[in-house]
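Fold and contact review
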Amino acid sequence: MIHQPPSGARDLLPLDVAQKRWIEKRLRPVFQQWGYHRIITSTVERLDTLMAGGTIQQSTVIQLEDREDDIPLGLRPELTASIARAAVTRMAESSYPLRLYYNGNVFRRSPEVGHGGQQEFFQAGVELLGAGGLLADAEILLLLFNSLHSLGLNQWQIILGEAGLTASLLSPFPEPLRRKIREAIAHLDRLTLETLPMSSEQRERALLLFDLRGKPEDVLQKVASLPLDPAQQTSLENLKSLVDLLKESSSCNQTSAPGTDALILDLSLIRPFDYYTGIIFEVVNNTPSGQQILGQGGRYDQLLSLYHPEGTMIPGIGFCFNIEGLHRVLRSTGQLPQQTPPTQYLVAPKVPQAQAAAFTFAQTLRQSGENGQVVRVEMNLEAGQTEETVRDYARSRQIRQIAWVSPDSTAELETV
Ligand SMILES: N[C@@H](Cc1c[nH]c[nH+]1)C(=O)O
């Protein structure tokens, strides 16, 4: 028998769990303060739900052998599609906007399987459904900034793009050239753009697109100089208004919005999921060892209609944090708990006749916590040990108090 989890799967040991909970405990109240309610969707979904009309590639989904009525099933590679499905099918009576948050695991087929490529990840995120427009976009980004602030992070940058505008700027390229250019841009591969066979006019346009990243004012100006159709013009104006609103909020509220250098406009930004229709963004943390993507999200105004019984269009926008990314960055800041909380009391029956009394006393101690505080109490399970052995055990576990219980239910507390 093999006693290892399958390749790519992971066990989280108690300290990992304590650190993960530290992160989640900081994010949850922020999501709640902004009016978001927790939703838990199924880990297993139908494959076609997960693929969201082909906007998520089947190759990222881990499929399950076991089929329900011969319908292929899979493990969710992300949660936005599942939440969109649940909202329009199970919460149809709710009024919009609907604010939902989540905390869960996702599974992605890794190309590196067999070499330890991770396939299970944790995410915490929010979805704002039934709200389009500038204010909804701004709410999501400001909530993102607020969440980062609650984690004590301040070395991050937001890379902001616009999926619709980028797609339409790419549209003059014929397929399959467009796909190749899109891929090269997504992988920051300038060399491919310089060498792919295409006309010089096309190359100039591809390289211009590639370079549409930097300070928001500069990029907006560059795009404005391009010949734009009315729809592109509107997207550009919306982006400009959003950037202005975020900046203004930043000057009113230093604590939750980014400084001027923290926002990078990148119209070459392309996310691996294709359901985005409006702004898209990534939060990155620049560390000496490279760039860490802490979270990502964007606007998806067509996704909900895929699941809606009448195909009604309902806008949506959201983001999620990658808990592993946050964990890595926060570990280096020294903020995360370095150990699991120690037990406060060790309860030891003085003689075998005191065992029942010891269990009762331990329970009384457990219930003595005020305001929901957890009092951690362990029973000493070894009968007949010397007092010194019990003390040694307590010290080795960093237990500060021993309660010696007598058969008459009295207890003497000793600090070790
Ligand atoms: N579900 C997306 C993030 C997102 C949330 N909402 C919108 N986008 C992801 O896993 O990358």
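Residues numbered from 1 in each chain as written. Predicted model: local features only at pLDDT ≥ 70, side-chain atom pairs only at ≥ 80, totals over all residues. Heavy atoms only, no water.

The criterion, for reference: UniProt positions are given in the numbering used here, feature names are shortened, and annotations may be inferred rather than shown by experiment.
As recorded by an unreviewed UniProt entry, the protein carries the name ATP phosphoribosyltransferase regulatory subunit and is attributed to Planktothricoides raciborskii GIHE-MW2. Quoted verbatim from the Sequence similarities (unreviewed entry) heading of the UniProt record, the comment on the protein is "Belongs to the class-II aminoacyl-tRNA synthetase family. HisZ subfamily." Here the protein is described in UniProt, under the heading Subunit (unreviewed entry), as follows: "Heteromultimer composed of HisG and HisZ subunits."

**Focus on the overall build of the protein**
Cut-off, in case you're wondering: Runs of E in the DSSP output that reach at least two residues are strands. Runs of H or I that reach at least four are helices, and both are numbered from the N terminus. Contact between two residues is taken to exist if any of their heavy atoms lie within 4.5 Å; hydrogens are not considered. Every accessible area reported is derived by Shrake-Rupley at a probe size of 1.4 Å, with residue values counting cover from the shown protein chains alone. Charge counting treats Lys and Arg as positive and Asp and Glu as negative, with His and both chain ends excluded. Charge positions are represented by NZ for Lys, CZ for Arg, CG for Asp and CD for Glu.
The number of helices and strands found in the protein is 14 helices and 16 strands. Judged by the C-alpha coordinates and their principal axes, the protein covers about 90 × 55 × 50 Å. The contacts in the protein between residues at least 6 apart in sequence include a share of 68% that link residues at least 24 apart. Here the protein has roughly 21600 Å² of accessible surface; of this, 50% comes from carbon and sulfur atoms. Across the protein, the 38 positively charged side chains and the 47 negatively charged ones have centroids separated by 3 Å.

**Brief notes about the sheet that holds strand 13 (residues 345–349)**
Just so we agree on the cut-off: When DSSP finds at least two bridges between two strands, those strands are taken to pair. Helix axes are fitted only over the stretch in contact, all axes being lines through C-alpha atoms; the angle between N-to-C directions runs from 0 to 180 degrees.
Ordered in space as 14-13-15-16, the four strands form an open sheet in which the pairing is mixed. Sheet topology places strand 14 (377–379) and strand 16 (411–415) at the edges, where each strand pairs with a single neighbour. The average undirected angle you get between the axes of adjacent strands in this sheet is 25 degrees. Of the pairings in the sheet, the one linking strand 13 to strand 15 (residues 401–405) comprises five bridges and is parallel in character. Bridge pairing in strand 15 links tyrosine 345 to glutamine 401. Lying over the sheet, helix 14 (residues 387–396) contacts strand 13, strand 14, strand 15 and strand 16, oriented at roughly 145 degrees with respect to strand 15.

**Description of the environment of aspartate 229**
Rule in force here: Polar contact is defined as a pair of N or O atoms within 3.5 Å, subject to the rule that within protein one atom must be able to donate a hydrogen and the other to accept it, and that residues adjacent in sequence are counted only when both atoms are side-chain atoms.
Tracing the backbone shows aspartate 229 in the loop between helix 9 (216–224) and helix 10 (230–252). In this structure the C-alpha to C-alpha distance between aspartate 229 and isoleucine 83, which are 146 residues apart in sequence, comes to 34 Å. Only 3.1 Å separates the side chain of aspartate 229 from the backbone nitrogen of alanine 231, close enough to count as a polar contact.

**Examining the nonpolar core**
Basically, it comes down to this: Among buried residues, the Ala, Val, Leu, Ile, Met, Phe, Trp, Tyr and Cys ones that are joined through side-chain atoms within 4.5 Å form a nonpolar core. Only protein chains enter the accessibility calculation, which uses a 1.4 Å probe; a residue whose area is less than 20% of its type maximum is buried, one above 50% is exposed, and one in between is partly exposed.
Formed by 69 residues in total, the largest nonpolar core has its most connected members in Phe31, Leu141, Leu160, Ile181 and Leu326. Considering each element in turn, this core owes the most residues, nine residues, to helix 4 (residues 134–150). Those residues in contact with leucine 326 that sit more than four places away from it in its chain are Ile23, Leu27, Leu151, Leu153, Leu294 and Phe321. With 30 residues, the next largest nonpolar core counts Leu129, Ile264, Leu269 and Tyr307 among its residues.

**Considering the UniProt feature "binding site: L-histidine" (unreviewed entry) in the protein**
Mapped onto this numbering, the UniProt entry annotates "binding site: L-histidine" (unreviewed entry) at Glu78, Leu79, Thr80, Arg108, Gln123, Glu127, Arg271, Tyr275 and Tyr276. Judged by relative accessible area, which is 8%, threonine 80 ranks as buried. Ignoring any residue separated from it by four or fewer positions in sequence, one finds threonine 80 in contact with Tyr102, Glu127, Tyr275, Tyr300 and Leu303. Along the chain, glutamine 123 falls in strand 6 (residues 120–129). The residues touching glutamine 123, leaving out its near neighbours within four places in the chain, are Glu78, Leu79, Tyr102, Asn103, Gly104, Val106, Arg108, Gln296, Cys320, Phe321, Asn322 and Ile323.

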